[in-house]
Amino acid sequence: MGDVVELGFRSSVRPGLGFEVMRFSELRRRTLTHALDGLTRPQFHLVAACLTGRTRHRVDFERHLLRPRDLVFVAPGRVQGFDPTPGLELSLLLFTPEFLQLSADPRLVDPLRGARVLSPFWKTPVLNVPKALWPDVTGLISQLEREYARPADGVQTAVLSSLLRALLLQLERLVTNA
């Protein structure tokens, strides 16, 4: 099975932002310090949305089937591994816990605090999005991709964080109402 590689967050595109969005096909083209199909323990959140193809994504050594309209959630500290099958395309969202800007003030209610989609204890970290809601999910991911591709300005971090929070809240709603 091999060793588990510890992964800290680093973006070659936007160092210091704490957020990155890319397609799996882009990750395949990058020079990595580890095998793409090897096991890693990211110290950041990874959300992968399956756009095309099928695969079995490993989370904490357990293989989870991913098909189009499935998302897999990997919280910091969990072990994960890609299975780069032919025809597979994923949209990958990578972000640090700090990027979400969760309030430290206990008097403020933050619906993402304690969210299952961010929890390292979620037993089945795969969510199948109903067909009717998939355009909403992919629409938010597309907005994140376009905003990330823009030149950085004074509001980009806030826009990216807000779009990511909106996406995660929509997905948390699906998990809660399932």
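The following refers to the structure shown.

Quick notes on the rules
Residues numbered from 1 in each chain as written. Predicted model: local features only at pLDDT ≥ 70, side-chain atom pairs only at ≥ 80, totals over all residues. Heavy atoms only, no water. Helix = DSSP H or I, 4+ residues; strand = E, 2+ residues; numbered from the N terminus. Buried < 20%, exposed > 50% of the residue type's maximum accessible area, 1.4 Å probe, protein only. Lys, Arg positive; Asp, Glu negative; His and termini not counted. Salt bridge = Lys/Arg side-chain N within 4 Å of Asp/Glu carboxyl O. Contact = heavy atoms within 4.5 Å. Pairing = 2+ DSSP bridges. 1 Å grid on protein atoms, 1.4 Å probe; cavity = no way out; pocket = protein on both sides within 12 Å on 5 of 7 lines; lining within 4 Å. Points joined across faces, edges and corners; volume = space filled by probe spheres on them. Nonpolar A, V, L, I, M, F, W, Y, C, P; charged D, E, K, R; others polar. Axes fitted to C-alpha atoms, helices over the stretch in contact; angles between N-to-C directions. Phe/Tyr/Trp six-rings, centres within 6.5 Å; stacked < 30°, edge-to-face > 60°. Lys NZ or Arg CZ within 6 Å of the ring centre and 35° of its normal. Core = buried A, V, L, I, M, F, W, Y, C linked by side-chain atoms within 4.5 Å.

Take the side chain of Glu172 next. By secondary structure assignment, the location of Glu172 is in helix α3 (residues 156-177). There is no salt bridge for the buried Glu172, and the closest opposite charge comes from Arg116, which lies 4.2 Å off by N-O distance. Aside from chain neighbours lying at most four places away, what touches Glu172 is Ala115, Arg116 and Val117.

Counting buried positions along strand β4 (residues 45-52) yields six of eight residues, so the element is predominantly enclosed. Across seven bridges, β4 lies against strand β9 (residues 89-95) in antiparallel orientation. Residue pairing for β9: Cys50 is matched across the bridge by Leu90. When β4 meets strand β7 (residues 70-74), the two strands line up antiparallel, connected through four bridges. Residue pairing in the sheet places Ala48 in a bridge with Val72 of β7.

Read from one edge to the other, the open sheet built from five strands follows the order β1-β3-β8-β5-β6, with strand pairing classed as mixed. Of all strands in the sheet, those bounded by a partner on one side alone are β1 (5-7) and β6 (62-66). Where β1 and strand β3 (residues 39-42) come together, three bridges link them in parallel fashion. In the strand pairing of β3, Glu6 is matched with Arg41.

Here the largest pocket is characterised by a volume of approximately 420 Å³. What lines the largest pocket is a set of 25 residues, and nearest its centre among them are Leu7, Leu27, Leu32, His34 and Leu94. Mapped by element, the contributors of at least two residues to the lining of the largest pocket are β1, β2 (19-23), β3 and β9. Looking at the lining of the largest pocket, its residues break down into twelve nonpolar, nine polar and four charged.

The antiparallel open sheet is built from five strands, whose spatial order is β2-β9-β4-β7-β10. Of all the strands in the sheet, the pair left with one neighbour each is β2 and β10 (126-128). Ignoring which end each strand starts from, the neighbouring axes of this sheet average 15° apart. Taken together, the three bridges between β7 and β10 define a ladder with antiparallel strand orientation.

Scanning all chains against the criterion turns up five aromatic pairs. A centroid spacing of 5.4 Å and a plane angle of 80° characterise the contact between Phe9 and Phe44, whose relative ring orientation is edge-to-face. Placement of the pair is Phe9 in the loop between β1 and β2 and Phe44 in the loop between β3 and β4, with a sequence separation of 35 residues. Judged by relative accessible area, Phe44 falls into the buried class, the value being 6%. What links up through ring pairs into an aromatic cluster is the set Phe19, Phe99 and Tyr148. It is Arg14 that lies over the ring of Tyr148; its NZ or CZ is 5.2 Å from the centre.

Counting 32 residues, the largest nonpolar core has Phe19, Leu71, Phe95, Val117, Leu164, Leu168 and Leu171 as the members making the most contacts within it. Among the secondary structure elements, those contributing two or more residues to this core are β2, β4, β7, β9, α2 (134-149) and α3. Counting residues per element, this core draws most heavily on α3, at eight residues. Leave out the neighbours within four places in its chain, and Phe19 touches Phe9, Leu93, Leu94, Phe95, Phe99, Leu144, Tyr148, Leu160 and Leu164. With 19 residues, the next largest nonpolar core counts Met22, Val59, Leu88 and Leu92 among its residues.

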